[in-house]
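# Notes for the structure review
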2 protein chains.
Amino acid sequence: MKKYQKEDTTSYTLGAFPTIELIKNKPESVAWVYLSSKLNNPEEIIKLCEANNLPYEVSDKNIGKLSDKENVYVVGVFKKYEDTLTEGHHVVLVSPANMGNVGTIIRTVLGFGIENLAVIKPAADIFDPKVVRASMGALFQMKIAYYESFADYQKAFPEHLLYPFMLQTEHYLDEMKFPKKPSSLIFGPESSGLDDSYLTVGTPIKIRQSSKIDSFNLQVSVSVACYEFMKNKK
Amino acid sequence: MKKYQKEDTTSYTLGAFPTIELIKNKPESVAWVYLSSKLNNPEEIIKLCEANNLPYEVSDKNIGKLSDKENVYVVGVFKKYEDTLTEGHHVVLVSPANMGNVGTIIRTVLGFGIENLAVIKPAADIFDPKVVRASMGALFQMKIAYYESFADYQKAFPEHLLYPFMLQTEHYLDEMKFPKKPSSLIFGPESSGLDDSYLTVGTPIKIRQSSKIDSFNLQVSVSVACYEFMKNKK
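Residues numbered from 1 in each chain as written. Chains lettered and ligands numbered in written order. Predicted model: local features only at pLDDT ≥ 70, side-chain atom pairs only at ≥ 80, totals over all residues.

### Notes on the interface of chain A and chain B
Note the cut-off: The contact criterion used here is simple: two residues whose C-beta atoms, placed from the backbone, lie within 7 Å are in contact. Runs of E in the DSSP output that reach at least two residues are strands. Runs of H or I that reach at least four are helices, and both are numbered from the N terminus. Ten residues, namely Ala, Val, Leu, Ile, Met, Phe, Trp, Tyr, Cys and Pro, are considered nonpolar, four, namely Asp, Glu, Lys and Arg, are considered charged, and the remaining ones, Gly among them, are considered polar.
With 23 residues of chain A at the interface, the matching set in chain B holds 24 residues. Put simply, the parts of the chain that give the side of chain A that touches chain B at least two residues each are helix H4 (99–111) and helix H7 (218–230) of chain A. The residue inventory of the side of chain A that touches chain B, partitioned by class, reads seven nonpolar, ten polar and six charged.

Here you go:
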């Protein structure tokens, strides 16, 4: 038992909520569940473990080794897995760096009803416990796949309509009509956004903004883009 | 010179970017500007100080006292002020608690072209250097006022159309038509949202979401609400 490192083949859910989402959505990936002796009402988690034939153990020592935080009473140990994206709509994050950000974005994207996320390398490690925690377990309800390059992603989904979000265009989101075809909403790194090479990818779009700020942050851009895109698709 | 406390009548901008926004937008509130001996190109800030008759001083000692962070090379000392909101559209935050959140939201709201922010107490301290920093100086371009209660706010702007954002309603944002009248978009605390008492305030609205998440976070809700509300107003 040791703290998570990127090279590990297993990772951890820290807290009851993400652990429950893990067990419900990816039971085949769970290796072990640790409970703290301080956990109130352990029955829900124990019942869930037993229903899925998962080993669990009350072990304050192991929980202490895996988590820095005082208030973590449940830890799930899971084997990292790879998803295959399906043909629905996708969000594509190009080289996101901030793990808390990625977790929050995963949760937001799922909330708007998009269930496929492509991540273009280099990128933050999706399985880092910080991402899992920030996503509040939404990670396990989303299909997520890494690609070595945007070209690789494009080859895998040649029929998708592509919409890179970037400032270097005059197509505004609030004037767009989106055809009802499988589509990919593409966003650049937090600090710099998408570079000019994406100007020739599909239909670049920008979110209308006041000149009083430089740009919206990544979470705001993804939220507004997903909202507007999904609006007439329910 | 000492670290900021809520009771202080002055606060600080930590970093060149927010200090420049402070001087450009609220020169009358600036008491003093400190520069680090490590600052590259101090000319821009010095010129700005001189143009506004503001005292400045190279003082690594004072900067070290006011900031924990290594990479802060400019600090602005400013007198806390009170704005009066104008008759345009408002965002109203009811008891926000997280200072980084409030800073990011201020920047986002300004980006969508809304320039008045009402904050209902109890609430995070808008002038805390953490808020100023997270807002990247957007704070100084926004009119911000505190109110003791929502009733006080409502008394001050009796003509405003009121839109509380909350889950306990069946009016969806994506079906709304907003009349072109001065309006207030109202949001609850990060953890709990607006309570049921807001169901009788104006027209409650919710953002359509998948059942796979409990709710969007505050920043996502404010972003999407401001985007949709401002869409046909430019």
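On we go.
### Quick notes on the domain arrangement of chain A
All names here are of chain A. Applicable threshold: Here the bounds of each domain stem from an automatic or database domain assignment.
As far as domains go, chain A holds domain 1 (10–79) and domain 2 (90–230). Inter-centroid distance (C-alpha atoms) of domain 1 to domain 2 is 31 Å. The partner domain 2 presents eight residues to the eleven residues of domain 1 that form the contact. Among the elements of the structure, strand S1 (10–14) and helix H1 (16–25) are those that each provide at least two residues to the side of domain 1 that touches domain 2. With five residues, H1 is the single largest residue contributor to the side of domain 1 that touches domain 2. Residue classes in the side of domain 1 that touches domain 2 are distributed as five nonpolar, four polar and two charged.

### A look at unusual backbone geometry
Applied cut-off: Each residue is classed by its C-beta neighbour count within 10 Å, where at least 20 other C-beta atoms makes it buried, 12 or fewer makes it exposed, and intermediate counts make it partly exposed; the C-beta atoms are placed from backbone geometry.
For the peptide bond that leads from Lys 121 of chain A to Pro 122 of chain A, omega is -5 degrees, which places it in the cis range. Following the sequence through the fold, Pro 122 of chain A ends up in the loop between strand S6 (116–120) and helix H5 (129–134). Look at Asn 53 of chain B: it is not a glycine, yet its phi comes out positive at around 55 degrees. Locating Asn 53 of chain B in the fold gives a position in the loop between helix H2 (43–51) and strand S3 (56–58). The exposure class of Asn 53 of chain B is exposed, given the 8 C-beta atoms found within 10 Å. A positive phi angle, close to 50 degrees, is found at Ser 95 of chain B, a residue other than glycine. Here Ser 95 of chain B is to be found in the loop between strand S5 (90–94) and helix H4 (99–111).

### Quick word on the sheet that holds S1 of chain A
All names here are of chain A. Selection rule: For two strands to be treated as a pair, DSSP must find at least two bridges joining them. Axes here refer to lines fitted to C-alpha atoms; in helices the fit is confined to the stretch in contact. Angles between the N-to-C directions go from 0 to 180 degrees.
Strand order in the open sheet made by the four strands is S1-S4-S2-S3, with mixed pairing throughout. Strands at the two margins of the open sheet, each flanked by one partner only, are S1 and strand S3 (56–58). For this sheet, the mean inter-axis angle between neighbouring strands, taken without regard to orientation, is 20 degrees. As paired strands, strand S2 (residues 30–35) and strand S4 (residues 74–79) are joined by five bridges and run antiparallel to one another. The residue bridging Val 33 from the neighbouring strand is Gly 76, located in S4. The strands touched by H1 within the sheet are S1, S2 and S4, with S4 carrying the most contacts at an inclination of about 35 degrees.

### Points about H4 of chain B
Our working definition: Helix span, as expected, comes to 1.5 Å for every residue beyond the first.
For H4 of chain B, with 13 residues, the first-to-last C-alpha span of 19 Å sits near the 18 Å given by 1.5 Å per residue. In terms of burial, H4 of chain B is a largely internal element, ten of the 13 residues being buried. Val 102, Gly 103, Thr 104, Ile 105, Ile 106, Arg 107, Thr 108, Val 109, Leu 110 and Gly 111 of chain B are the residues of H4 of chain B that are buried. As for H4 of chain B, its buried residues are in contact with H7 of chain A together with S5, strand S6 (116–120), helix H5 (129–134) and helix H7 (218–230) of chain B. Note on H4 of chain B: the residue one or two positions beyond its end, Gly 113 of chain B, has a positive phi of about 90 degrees.

### What to know about the relation of the copies chain A and chain B
The condition is simple: C-alpha atoms of residues with pLDDT of at least 70 in both copies form the basis for the least-squares superposition of the copies.
Superposition of chain A onto chain B requires a rotation of 180 degrees combined with a translation of 0.0 Å along the rotation axis, giving an RMSD of 0.0 Å. On the angle and the small slide along the axis, the relation comes out as a two-fold axis. For chain A, the residue whose C-alpha comes nearest the rotation axis is Val 224 of chain A, separated from it by 2.6 Å. Looking at chain A, 100% of its interface residues are interface residues in chain B too, so the copies touch through the same face.

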